[in-house]
Structure formats: C-alpha cells, structure tokens
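Coordinates in review
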Amino acid sequence: MKRPNIHNKYIMPIFGCLLAVLCIIYYYFFSSMSVNSDTHYIYIDNDDTVDSVYTKLSSVSTGHAMTGFRILSEMSSYSNNIRSGCYEIKGSNGALSVFRKLKNGLQTPIRLTVPSVRTVERLAGSIAKKMMTDSITLLNAMTDTATCRKYGYTPETIVCMFIPNTYDIYWNASTENIMERMKKESDKFWNSERTGKAAAMGLSKNQVITLASIVDEETSNNGEKPMIAGMYYNRLKKDMPLQADPTIKFALKQFGLKRIYNNMLHTDSPYNTYKNTGLPPGPIRIPSVEGIDAVLDYVHHDYLYMCAKEDFSGTHNFAVTYTEHLQNAGKYTEALNRRGIK
C-alpha cells in the first residue's frame, strides 16, 4: 500500500497562503492609487504635516491605496522628512511608487510661462500664481537694489532679465532659484547673433529690450514692428525725443487711455519721452520675443514720424516730414472725434 506524501498535503495550503499574501500586498501597495486613469498632481507646501499630506492624497486616491500609503509612512520616518514640491500621480502608480516619490522628493517640473505684462507687480503676481513662493517675496526681490545689482540690473531694468517664454521649473523653487533661472535663460537668449546685432546698433541689451517694449505697446501687428522700430531708432540717432504715447500711459499708470491729451505730455516722469530725450530708464512692459527681434532686425528707412491709421486697423501711417505727420495726425483725430472716443 502506497503511503501518502505528507509534504504534498501542506504544499497547496502554503501556496494558497502565499498567493493570498501577495494579492493583499499588490492590492494595498502596487495597484493603482488614482481614483481614475487620469494623471493627478498634488502640491506639498513647506508647512504641510503628514496629516495634511494624507488629506491631499485622499482627494485623488482610492481607499485601499491610501491605507497602503499610511502603512509605509508609519513604518518610515516620512512624518519627520516631508519634502515640498509638485508630485505627479499617474494612473499606473501604486502606493509604494507614490510614497517613494514623496519621500525622496522626486518632483515633476511645472510649466512656468513668463508673460508679457506691463508692470513688475503683475509679473510677480503672475509667476507666484504658478509657484509656491508668494508674490510679495518675489516683488521685494525684483525691487531691491542690492538683489538687482547681483544679477547686473537695477529695479528699473530687472524685467529685462525675464524673457517671455515657457520654462520647466520646480514648483517649490525659491525666489533666489527663480531669479537665477531667469538670468540663465536670459544669457541663453542673448546668443552671439542677437548680441552682435545689438552691438552694431550701438545699443545695450537693456536698451534693445526697452525700445522693444515701446514697439510692442504701439502695435500687436508683428509684421509692422520692424518698421516702427526703425522709426524710433532714427529718432534716437538724431537725438530727437521719442515722443512715444505709450510712455505717457506708463508714467501715469493709466494703461486704458484711448487718447493722449496735451496736458498729459507735461507729466513729470523719467518715462515721459516727450520731455526727455533718449530711452526711458527701463522697459514699459516685458516685450515679446517678436518685439525684441523686430528691434534687432529693424527696417532701414527715413521715417521720423508715425500716427495710427484712421481706419483703426492697428497699423500706422509713417512720415518723413513734420508737415506730412500733421496731415496724418489730423485724419486720426477726426476719426476719433467721429467715434466719440475721448
């Protein structure tokens, strides 16, 4: 009579137990943590505690994966080593994968767009909306003389360092990190070709950007920008006041003005290009890349004057003589009056 194999008697139960344990481990630590197949992002601040991290995760996590994350957290020193940042949770990520990201500070960069805005206050506010840093801290750095000097600028020219583009950067980057990054990107933007064109014009980089800011304020028509840049450059070479209406709006901080009246031209401000010759102390907005390149690739012509066209197309009539300019200005003034624009 064949004796039963006692080992076979226990193999299947043991195998079953192991399989059950593996299923439990997979369920809590490796199955998708996300409540759906979408990719989610959570933002951990410097003042977050382990409980607030749990709360943020719970909004995008399944209950069982959240249990797995809590177990991993309690088995480690995570509560004493919380790292701020933006963390990506993909649909395929389990609790263990997400835990490793958060514990090791494996952030996902965000896409930060530097906008073409008119004031440093708006710039700081726009950047702060996308970053962990607050707008006041950023604005203080941008307006601090010593900080600006560190990067080779003044409070009036610091916006020249911010080239409008989209950059990958970590959400928890400090104000200093942001400034350093913008300086690096500015240096990259000013390649040998652009630097050479500026030198040939006899202008510094900051002067090019300042002139570009005026050109951008004059028109949104990229095709006309090199013409306008050429006109203002001609005035600079002849040491004529630029007489750029957008600089009056900047001096008054009244950007919605539709008309510039004679009394406004006497505004006491270094940005008033009717009272002062040359370029203003700094840009009157962060110009677009197209605006900067329009200055560097300005059209060579003899025009010294321009006036918005009376058809309100956003383009301009150009003139060589003041007499021609007065005729163009008269057409535009009549058009304004007909429309009742004040």
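These numbers come from a predicted model, not from an experiment. (Residues numbered from 1 in each chain as written. Predicted model: local features only at pLDDT ≥ 70, side-chain atom pairs only at ≥ 80, totals over all residues. Heavy atoms only, no water.)

1. Observations regarding helix H8 (residues 175–189)
This is how it is decided: A helix here means a DSSP run of H or I that spans at least four residues, while a strand means a run of E at least two residues long, and both kinds are numbered starting from the N terminus. The span one expects for a helix is its residue count, reduced by one, times 1.5 Å. Here the term buried applies to any residue with accessible area under 20% of the maximum for its type, exposed to any over 50%, and partly exposed to those in between, with areas from a 1.4 Å probe on protein chains only. When we speak of the arc, we mean the arc of directions from the helix axis to the C-beta atoms. When checking whether two residues touch, look at their non-hydrogen atoms; a contact exists if any pair is within 4.5 Å.
Counted at 1.5 Å a residue, the expected span for H8 with its 15 residues is 21 Å, and the 21 Å between its end C-alpha atoms agrees. Every buried residue belonging to H8 is among Thr175, Ile178, Met179, Met182, Glu185, Ser186 and Phe189, and all of these are buried. In an axial view of H8, the angular spread of the buried residues amounts to 125°, which keeps them on one side of the axis. Residues of H8 that are exposed and point over 90 degrees away from its buried face: Lys184 and Lys188. Tucked into the core, H8 has its buried residues touching helix H5 (120–130), helix H6 (135–143), helix H7 (145–150), strand E4 (166–169), helix H9 (192–201) and helix H13 (289–296).

2. So, the side chain of Ser61
Condition: Distance and chemistry together define a polar contact, namely a pair of N or O atoms within 3.5 Å, with one atom able to donate a hydrogen and the other to accept it when in protein, and with adjacent residues in sequence counting only for side-chain atoms on both sides.
With respect to the helices, strands and loops of the structure, Ser61 is situated in the loop between helix H2 (50–58) and helix H3 (63–75). Judged by its relative accessible area of 8%, Ser61 falls in the buried class. Within the local environment of Ser61, its side chain forms a polar contact with the backbone oxygen of Met33, the two atoms lying 3.4 Å apart. The residues contacting Ser61, other than those within four sequence positions of it, are Met33, Val35 and Met66.

3. Digging into the packing of helix H10 (residues 205–218) against H13
What counts, and what does not: Lines fitted to C-alpha atoms define the axes here, with helix axes fitted over just the stretch in contact, and angles between the N-to-C directions of these axes take values from 0 to 180 degrees. Should an angle fall under 35 degrees it is taken as roughly parallel, and over 145 as roughly antiparallel, whereas 65 to 115 is taken as roughly perpendicular and any remaining angle as oblique. Should the near helix be turned anticlockwise from the far one by less than a right angle, the crossing is left-handed, and should it be turned clockwise, the crossing is right-handed. Amino acids outside the nonpolar list (Ala, Val, Leu, Ile, Met, Phe, Trp, Tyr, Cys, Pro) and the charged list (Asp, Glu, Lys, Arg) are all regarded as polar, and Gly is one of them.
Interaxial distance between H10 and H13 falls to 8 Å at its minimum, and their mutual angle equals 115°. The pairing of H10 with H13 is recorded here as roughly perpendicular in orientation. Regarding H10 and H13, the two cross each other, and that crossing is right-handed. Contacts from Val208, Ile209, Leu211, Ala212, Val215 and Asp216 in H10 reach Gly291, Ile292, Val295 and Leu296 in H13. Of the residues contributing to the contact of H10 with H13, the split by class is eight nonpolar, one polar and one charged.

4. So, the pattern of salt bridges
Using the following cut-off: Should a side-chain nitrogen of Lys or Arg be within 4 Å of a carboxyl oxygen of Asp or Glu, the pair is scored as a salt bridge.
Tallied over the entire structure, the rule returns 15 salt bridges. Asp297 is paired through a salt bridge with Lys197; the nearest N and O atoms lie 2.7 Å apart. Within this pair, whereas Asp297 is found in the loop between H13 and strand E5 (305–308), its partner Lys197 is found in helix H9, the two being separated by 100 residues in sequence. Among the salt bridges present, the one from Lys275 reaches Asp268, with a minimum N-O distance of 4.0 Å. Judged by relative accessible area, which is 73%, Asp268 ranks as exposed. When salt bridges with common partners are traced through the structure, they connect Asp45, Asp48 and Lys56 into a single cluster.

5. Remarks on the pairing of strand E6 (residues 316–319)
Rules: If DSSP finds at least two bridges between two strands, the strands pair.
Across the two faces of E6 the burial is the same, with His316 and Phe318 and Asn317 and Ala319 all buried. The sheet contact formed by E5 and E6 spans four bridges and is antiparallel. By the bridge assignment, Ala308 is partnered in E6 with His316.

6. Things to note about H6
By the burial criterion, the buried members of H6 are Leu138, Leu139, Ala141 and Met142. When H6 is viewed along its axis, its buried side chains cluster within an angular range of 160° and face the same direction. N-cap assignment for H6: the residue whose side-chain oxygen lies 3.1 Å from the backbone N of Ile136 is Asp134.

7. Quick notes on the packing of aromatic side chains
What describes a pair of aromatic rings is the distance from one ring centre to the other and the angle between the planes of the rings. How we decide: Ring pairs are drawn from Phe, Tyr and Trp, using the six-membered ring of Trp, whenever the two centres fall within 6.5 Å, and their geometry is named by plane angle: stacked under 30 degrees, edge-to-face over 60, tilted for the rest. Lysine and arginine charges are scored as sitting over a ring when NZ or CZ, respectively, is within 6 Å of the ring centre and within 35 degrees of the ring normal.
Scanning all chains against the criterion turns up 12 aromatic pairs. Judged by centre distance (6.2 Å) and plane angle (85°), the ring pair of Phe69 and Tyr78 falls under edge-to-face. The same class applies to Phe69 as to Tyr78, namely buried. Following the ring pairs from residue to residue traces out a cluster consisting of Tyr54, Phe69, Tyr78 and Phe99. Between the NZ or CZ atom of Arg70 and the centre of the ring of Tyr54, over which it lies, the distance is 4.3 Å. In this arrangement the basic side chain of Arg194 is found over the ring face of Phe189, its NZ or CZ atom lying 3.8 Å from the centre.

8. Here's the deal with the state of the cysteines
Linking two cysteines covalently through their sulfur atoms gives a disulfide. Keep this limit in mind: Sulfur atoms of two cysteines make up a disulfide when they are within 2.5 Å.
One pass over the structure, following the stated rule, counts zero disulfides. There is no disulfide at Cys160, and the cysteine sulfur nearest it, in Cys148, is 11 Å away. Given a relative accessible area of 1%, Cys160 falls into the buried group.

9. Thoughts on the nonpolar core
Stated formally: Joining through side-chain atoms within 4.5 Å is the link that ties buried Ala, Val, Leu, Ile, Met, Phe, Trp, Tyr and Cys residues into a set, and such a set is a nonpolar core.
In terms of nonpolar packing, the biggest core is built from 58 residues, with Leu123, Ile127, Met142, Ile158, Phe162 and Tyr232 touching the most fellow members. Residues in contact with Leu123, not counting those within four places in the same chain, are Val114, Pro115, Val117, Met142, Val159, Phe162 and Ile286. Counting 21 residues, the second-largest nonpolar core is a separate cluster that includes Val53, Tyr78, Phe99 and Leu102.

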